[in-house]
Amino acid sequence: MGLFDRFKTRDEPQIEPPMTDALLRALLSNETITREKALTLPCISGAVDLICNSVACMPVRLYKVKQDKVEEVQKDARITLLNGDTGDTLDAFQMKKAMVEDYLLGKGGYAYIKKSRNEIVGLYYVKDDSVSFMKNNDPIFKEYLINVQGKMYKPYEFIKVLRNTKDGASGRGLIEEVSKAIETAYQTMLYQLGLVKSGGNKKGFLKSQRQLGQSEINTLKSAWKRMYANNEENVVVLNNGLEFQEASNSSVEMQLNESKKTLQDEINNLFHISDDFDKFFKEAIYPIVKAFETALNRELLLEKEKGKYFFKFDVKEIVKASLTERYNAYKTAKETGFMTLNEIRREENMNYIEGLDVVNVGLGAVLYDVDTHQYYTPNTGETQSIDEEPMEETPGEETTEETTPEETAERLGGETVATYDKRE
């Protein structure tokens with residue numbers, strides 16, 4: 001022990017470095033945001049769930065182009081796999097929902113295609129973090145193999161639904177693309193959680209008119225910690241000479257509610273969530289549907305089927321949740337002759353009724369039969385072929401069956417062009 005150490009008091013307080021704001025400290029820590037952390041945010045979890053459910057609830061149809069006509073293929077094993085039993089532990093709804101979530105937040109949605117010769121017998125969802133790639137370095141003729149736990153697969157053995165891809169193998173999810181914005185929202189939630197745990201007590205300082213010993217400082221710290229840690233002990237006794245001074249709110253704390261609303265709006269813009277259903281469908285749902293359809297047409301169709309068959313999501317199912325909107329659409333379709341009553345009943349899974357396969361048209365309408373290539377005018381009852389030249393008539397004059405040359409000449413304003421014998 002040195003000479004001057006004897007003059008030091010044992011109760012000399014230790015000076016601790018000042019603590020910065022909890023939220024700012026967390027934001028400056030460069031903590032990596034993960035999908036699991038992002039999904040703890042209600043705004044992100046709700047947006048992802050809304051989009052995934054909207055796509056998953058729409059059934060997939062298979063159509064065939066035959067002699068310039070489009071026909072729906074009712075019986076095909078691929079339709080069952082895409083809408084019912086996939087052969088995996090996940091059914092078709094769960095598979096599509098999981099793939100869309102990976103599309104939004106991960107590197108892409110992947111499903112393994114199990115085949116028996118040319119027949120597809122199963123679709124097996126694979127988590128995107130279980131998939132890696134072996135790629136060549138050619139920027140033009142890009143090639144790659146898919147690696148799943150050490151086993152290599154060809155690209156055509158997987159359905160791949162990718163977002164913002166540059167190589168056709170993997171995409172870029174929103175977690176990676178806007179990680180800082182999501183991290184800010186996540187740290188804001190943690191900051192609020194800290195305020196709740198502290199019971200909303202204000203931060204502050206203890207001022208003493210005399211120098212405190214270390215034992216007194218430790219006692220005050222322990223009492224203060226117990227007050228913030230639970231609601232059972234919420235009183236700290238300050239002895240003579242001690243005074244509590246409340247610290248002013250930080251700029252982040254004072255604008256917490258405003259920043260929460262701003263972050264909510266940013267997340268909604270990020271996922272294209274809108275109160276306008278048409279805008280929400282066009283910006284949030286339709287691009288995913290087209291990406292899914294393109295992937296299905298590329299991987300699930302045989303080479304000889306491409307150009308003749310195509311898969312299509314039935315987007316009508318997404319509006320069936322609104323009875324008023326659906327019935328108003330049917331009313332417009334019926335009044336304009338776009339659908340018959342039986343076609344409307346079929347959309348609602350109702351029985352066929354004899355005599356309802358008619359289109360309601362006005363008497364002044366002209367109908368065209370695409371099969372016989374004939375026009376029919378209900379007002380006059382006339383039928384005319386598309387190859388026939390229409391008869392020219394003078395406006396305001398009626399055409400009679402028998403007209404003499406003199407009458408014809410007089411009507412046309414000229415001389416008689418032919419003669420005939422007038423008989424009794």
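Note that the structure is a prediction, hence the values are computed from the model and not measured. (Residues numbered from 1 in each chain as written. Predicted model: local features only at pLDDT ≥ 70, side-chain atom pairs only at ≥ 80, totals over all residues. Heavy atoms only, no water.)

Asks: Would you mind going over helix α12 (residues 323-335) with me for this structure?
Replies: Every α-helix carries 3.6 residues per turn, so stepping three or four residues along brings you back to the same face. Counted at 1.5 Å a residue, the expected span for α12 with its 13 residues is 18 Å, and the 18 Å between its end C-alpha atoms agrees. Taken together, the buried positions of α12 are R326, Y330 and A333. Each buried residue of α12 sits inside an arc of 65° when the element is viewed along its axis, so together they form one side. Across from the buried face of α12, at angles greater than 90 degrees, the exposed residues are T324, K331 and E335. (Helix = DSSP H or I, 4+ residues; strand = E, 2+ residues; numbered from the N terminus. Expected span 1.5 Å × (residues − 1). Buried < 20%, exposed > 50% of the residue type's maximum accessible area, 1.4 Å probe, protein only. Arc of directions from axis to C-beta.)

Asks: Quick question: what am I supposed to make of the pairing of strand β3 (residues 109-116) here?
Replies: Note on strand geometry: in a regular strand, side chains alternate between the two faces of the sheet. In this structure, β3 lies alongside strand β8 (residues 158-161), joined through 4 bridges in antiparallel fashion. From the neighbouring strand, G109 faces β8, where its bridge partner is V161. By the bridge criterion, 7 bridges tie β3 to strand β4 (residues 119-126) in an arrangement that is antiparallel. Paired with K114 across the bridge in β4 is G122. (Pairing = 2+ DSSP bridges.)

Asks: How should unusual backbone geometry be read in this particular structure?
Replies: A negative phi angle characterises most non-glycine residues, just as the trans form characterises most peptide bonds. One non-glycine residue, Q149, lies in the positive phi region at around 55°. Checked against the element boundaries, Q149 lands in the loop between β6 (144-148) and β7 (151-153). Residue Q149 is classed as exposed on the basis of its relative accessible area of 75%. With a phi angle near 50°, N164 is a residue other than glycine that sits in the positive phi range. Topologically, N164 is positioned in the loop between β8 and α6 (174-177).

Asks: Quick question: what am I supposed to make of the side chain of K96 here?
Replies: Within the fold, K96 resides in helix α5 (residues 92-105). Notably, K96 is buried but unbridged: the nearest opposite-charge side chain belongs to D91, and the N-O separation is 8.5 Å. Here the side chain of K96 touches L82 through a polar contact of 3.4 Å, landing on its backbone oxygen. If sequence neighbours within four positions are ignored, K96 has contacts with A56, M58, P59, V60, L82, N83, F292 and F313. (Lys, Arg positive; Asp, Glu negative; His and termini not counted. Salt bridge = Lys/Arg side-chain N within 4 Å of Asp/Glu carboxyl O. Polar contact = N/O pair within 3.5 Å; in protein donor to acceptor, adjacent residues only side chain to side chain. Contact = heavy atoms within 4.5 Å.)

Asks: When you look at the pattern of salt bridges in this model, what are you seeing that I'm missing?
Replies: Oppositely charged side chains can pair when the atoms bearing their charge come close. Summed over the entire model, instances satisfying the criterion amount to 17 salt bridges. For R35, the salt bridge is made with D128, and the minimal N-O distance between the two is 3.2 Å. Here R35 is found in helix α2 (residues 35-38), whereas its partner D128 is found in the loop between β4 and β5 (131-135), with 93 residues between them in sequence. You can call R35 buried: its relative accessible area is 18%. Note on D128: relative accessible area 7%, which makes it buried. Across the pair K160 and E299 runs a salt bridge whose closest N-O atoms are separated by 3.3 Å. Here the residue K160 occupies a position in strand β8, and E299 occupies one in helix α11 (residues 277-299), the gap between them amounting to 139 residues.

Function-wise, these values are silent; they only describe arrangement.
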